[in-house]
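Fold and contact review
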Amino acid sequence: MNKSERRRCWGDGDALMTSYHDLEWGVPLLDDGKIFEFLVLEGMQAGLSWRTILYKRENFRKAFHGFDAARVARYGERDIRRLMADAGIIRNGMKIRAAVNNARRFLEVRKEFGSFARYIWRFVDRKPIRNRFRSIAEMPPRTPLSDLISKDLEARGFQFVGSTIVYAHMQATGMVNDHLVHCFRYHELARGKVKKASGILTSSESR
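Residues numbered from 1 in each chain as written. Predicted model: local features only at pLDDT ≥ 70, side-chain atom pairs only at ≥ 80, totals over all residues. Heavy atoms only, no water.

Considerations on the overall build of the protein chain
Note the threshold: A run of DSSP states H or I qualifies as a helix once it reaches four residues; a run of E qualifies as a strand once it reaches two. Both are numbered from the N-terminal end. A radius of gyration in this sense is built from C-alpha atoms; the matching globule rule multiplies 2.2 Å by the number of residues raised to 0.38. In this scheme, a residue with accessible area under 20% of its type's maximum is buried, one over 50% is exposed, and one in between is partly exposed, where area comes from a 1.4 Å probe on protein chains only. Only heavy atoms enter the contact rule, under which two residues are in contact if any of them lie within 4.5 Å. Computed with the Shrake-Rupley method and a 1.4 Å probe, the accessible areas treat only the protein chains shown as cover for residues. Here Asp and Glu are counted as negative and Lys and Arg as positive; His is not counted, and neither are the chain ends. By convention, the point assigned to a charge is CZ for Arg, NZ for Lys, CD for Glu and CG for Asp.
Of the regular secondary structure elements, the protein chain holds 11 helices and 2 strands. Ordered by position in the sequence, the α and β elements of the protein chain form the string α-α-α-α-α-α-α-α-β-α-α-β-α. Radius of gyration (C-alpha) of the protein chain: 17 Å, near the 17 Å computed for a compact globule of 207 residues. The principal-axis extents of the C-alpha atoms in the protein chain amount to approximately 50 × 35 × 30 Å. For the protein chain, the residues scored as buried account for 49% of the 207 residues in total. Across the protein chain, contacts joining residues at least 24 apart in sequence account for 67% of those joining residues at least 6 apart. Split by element, the accessible area of the protein chain, about 10700 Å² in all, is 50% carbon and sulfur. For the protein chain, the separation between the mean place of its 38 positive charges and that of its 24 negative charges on side chains is 2 Å.

Side note on helix α10 (residues 163-172)
Within α10, 8 of the 10 residues are buried, which leaves the element mostly enclosed by the surrounding structure. Turning to α10, the residues buried within the fold contact α1 (15-23), α2 (32-45), α9 (144-155) and β2 (176-177). One or two residues past the end of α10 sits G174, with phi positive at roughly 80°.

What to know about a positive patch on the surface
Test applied: Here the term patch refers to residues with relative accessible area over 30% and no salt bridge, with like charges joined within 9 Å and nonpolar side chains (Val, Leu, Ile, Met, Phe, Trp, Tyr) within 5 Å. Salt bridge, as applied in this entry: a Lys or Arg side-chain nitrogen positioned within 4 Å of an Asp or Glu carboxyl oxygen.
Where like charges cluster on the molecular surface, the positive patch consists of K127, R130, R132 and R134. Judged by relative accessible area, K127 falls into the partly exposed class, the value being 48%.

Considerations on the packing of helix α6 (residues 77-84) against helix α7 (residues 93-113)
Short version of the rule: With axes taken as lines fitted to C-alpha atoms, and helix axes fitted only over the stretch in contact, angles between N-to-C directions fall between 0 and 180 degrees. Roughly parallel means an angle under 35 degrees; roughly antiparallel means over 145; roughly perpendicular covers 65 to 115; every other angle is labelled oblique. The sense of a crossing depends on the near helix, which, turned anticlockwise from the far helix by less than a right angle, makes the crossing left-handed and, turned clockwise, makes it right-handed.
Packing of α6 against α7 leaves a shortest axis separation of 10 Å and a crossing angle of 135°. Between α6 and α7, the angle is such that the two are oblique. In the crossing of α6 with α7, the sense of the turn from one axis to the other is right-handed. Only G93, I96, R97 and V100 of α7 make contact with α6, whose side of the interface consists of E77, I80, L83 and M84.

Comments concerning unusual backbone geometry
Residue H65 is not a glycine yet carries a positive backbone phi of 50°. For H65, the location among the structural elements is in the loop between α4 (57-63) and α5 (69-72). Phi at F67 is positive, roughly 60°, even though this residue is not glycine. Following the sequence through the fold, F67 ends up in the loop between α4 and α5. A relative accessible area of 2% places F67 in the buried class.

Here's the deal with empty space enclosed by the protein
Under the convention used in this document: Only protein atoms enter the 1 Å grid used here, on which a cavity is any set of points holding a 1.4 Å probe that cannot leave and a pocket is any open set flanked by protein within 12 Å on both sides along at least five of seven lines; residues with an atom within 4 Å of a point are listed as lining. Grid points are joined across faces, edges and corners, and a volume is the space filled by probe spheres set on the points. Gly counts as polar in this scheme, as do all residues outside two lists: the nonpolar Ala, Val, Leu, Ile, Met, Phe, Trp, Tyr, Cys and Pro, and the charged Asp, Glu, Lys and Arg.
Taken as a whole and assessed by the stated rule, the structure comprises 2 cavities of 30 Å³ or more. Approximately 120 Å³ is the volume found for the largest cavity. Of all elements in the fold, only α2 and α7 reach the threshold of two or more residues within the lining of the largest cavity. The biggest single contributor to the lining of the largest cavity is α2, with 5 residues. For the lining of the largest cavity, a count of residues per class yields 10 nonpolar, 3 polar and 1 charged. What the second largest cavity holds in volume is close to 50 Å³.

Some points on the packing of α9 against α10
Their axes nearest at 8 Å, the elements α9 and α10 cross at an angle of 110°. Put simply, α9 runs roughly perpendicular to α10. Together, L145, S146, D147, I149, S150 and L153 of α9 and S163, V166, Y167 and M170 of α10 make up the contact between the two elements. Considered class by class, the residues forming the contact of α9 with α10 number 6 nonpolar, 3 polar and 1 charged.

If you want it as structure tokens, here you go:
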């Protein structure tokens, strides 16, 4: 199939969104660094569009020291003030403080389970859920499973992890394949056709 003829479920008409759709969204991740990045970005997205966050992603990466959870966990008031003064990111005090808090909780989970990925992927038995939606309208904003994960995260002290945010995280990190069935990425991911990279769940691991 010619690249120009590929059918997408979303992302057409915007180069950055198209790239994110084609290369990242729905790819199963095991890398804790990338998982933490999505936790921060999805928390920042609350009430905003993902496009807004995606266009500020590099600014976030620089501001949060490459999404190094251990480093973010050590942030103090001076860092909070620095972030609040950074026009390149979302300057919301509650969200920024939540990101710092979540870094600390993230490290606690990693210590308990060996990795955050091991903790979060156990909710789907380490196998991506493959939905078969035919339209965006069929895609739920939350599910009973995202409700369960949200409650568990909140019980562990995480913030800005409501069920809708958790479901967005599941979609982004490949815990669910929510590409529509007519989308070329749905079939590539279903066949385990993803670029090899550290922290990506391979097709053999997903079975």
